[in-house]
Amino acid sequence: MSSAIMESQTSNVRSIRLTFSTAEEVHDGLESAVQELIEAAVEDGNCGIRVTRLEPGAYTVALDDSVPFGETYEDIAA
């Protein structure tokens, strides 16, 4: 059983915050969030997806106008 927490930031999902309690959950959880946002990116047609590691176990997956359509970038927050 996964203890990942997904929290959509808006009703028209443009950003998802995820929190994981174990490292094993991270890959599948991020993959699921990216897949969810791909649909929104296709509808938008002008943006890609940015995955940002906020701190250990905490990530944001979001549509981002600075990322080219069809691409996913990864960042680590400073």
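See the structure printed just above.
Keep in mind that what you see is a predicted model, and the values were worked out from it rather than measured.

Describing the pattern of salt bridges
Next up, step 1: In total, this model carries 4 salt bridges according to the counting rule given.
Next up, step 2: Note that Asp 44 and Arg 14 form a salt bridge whose closest N and O atoms lie 3.4 Å from each other. You can see Asp 44 sitting in helix α1 (residues 23–44) and its partner Arg 14 sitting in the loop between β1 (5–8) and β2 (15–19), a full 30 residues away along the chain.
Next up, step 3: Of the residues examined, Asp 44 reaches a relative accessible area of 29% and is grouped as partly exposed.
Next up, step 4: A salt bridge links Asp 75 to Arg 50, with the nearest nitrogen and oxygen atoms 2.4 Å apart. Residue Asp 75 is located in strand β5 (residues 72–76), and its partner Arg 50 is located in strand β3 (residues 48–55); the two are separated by 25 residues in the primary sequence.
Next up, step 5: A relative accessible area of 32% places Asp 75 in the partly exposed class.
Next up, step 6: Through salt bridges with shared partners, a single ionic network connects Arg 14, Asp 44 and Asp 65.

Some points on the pairing of β3
Next up, step 1: As judged from the 7 bridges shared by β3 and strand β4 (residues 58–64), these two strands associate in the antiparallel manner. By the bridge assignment, Arg 53 is partnered in β4 with Tyr 59.
Next up, step 2: Here β3 hands over to β4 after 2 residues, with Gly 57 in that stretch at a positive phi of 85°.
Next up, step 3: In this structure, β3 lies alongside β5, joined through 5 bridges in parallel fashion. Bridge pairing in β5 places Arg 50 opposite Tyr 73.

Brief notes about the environment of Ser 21
Next up, step 1: Mapped onto the secondary structure, Ser 21 falls in the loop between β2 and α1.
Next up, step 2: Assessed through its relative accessible area of 54%, Ser 21 is described here as exposed.
Next up, step 3: Along the sequence, Ser 21 and Gly 57 sit 36 residues apart, while their C-alpha atoms lie 6.4 Å from each other.

Examining the nonpolar core
Next up, step 1: By size, the foremost hydrophobic cluster in this structure holds 15 residues, and its most contacted members are Leu 18, Leu 30 and Val 61.
Next up, step 2: Of all the secondary structure elements, the ones that give two or more residues to this core are β2, α1, β3 and β4.
Next up, step 3: The greatest single-element share of this core, amounting to 6 residues, is contributed by α1.

Calculation rules
Residues numbered from 1 in each chain as written. Predicted model: local features only at pLDDT ≥ 70, side-chain atom pairs only at ≥ 80, totals over all residues. Heavy atoms only, no water. Salt bridge = Lys/Arg side-chain N within 4 Å of Asp/Glu carboxyl O. Helix = DSSP H or I, 4+ residues; strand = E, 2+ residues; numbered from the N terminus. Buried < 20%, exposed > 50% of the residue type's maximum accessible area, 1.4 Å probe, protein only. Pairing = 2+ DSSP bridges. Core = buried A, V, L, I, M, F, W, Y, C linked by side-chain atoms within 4.5 Å.

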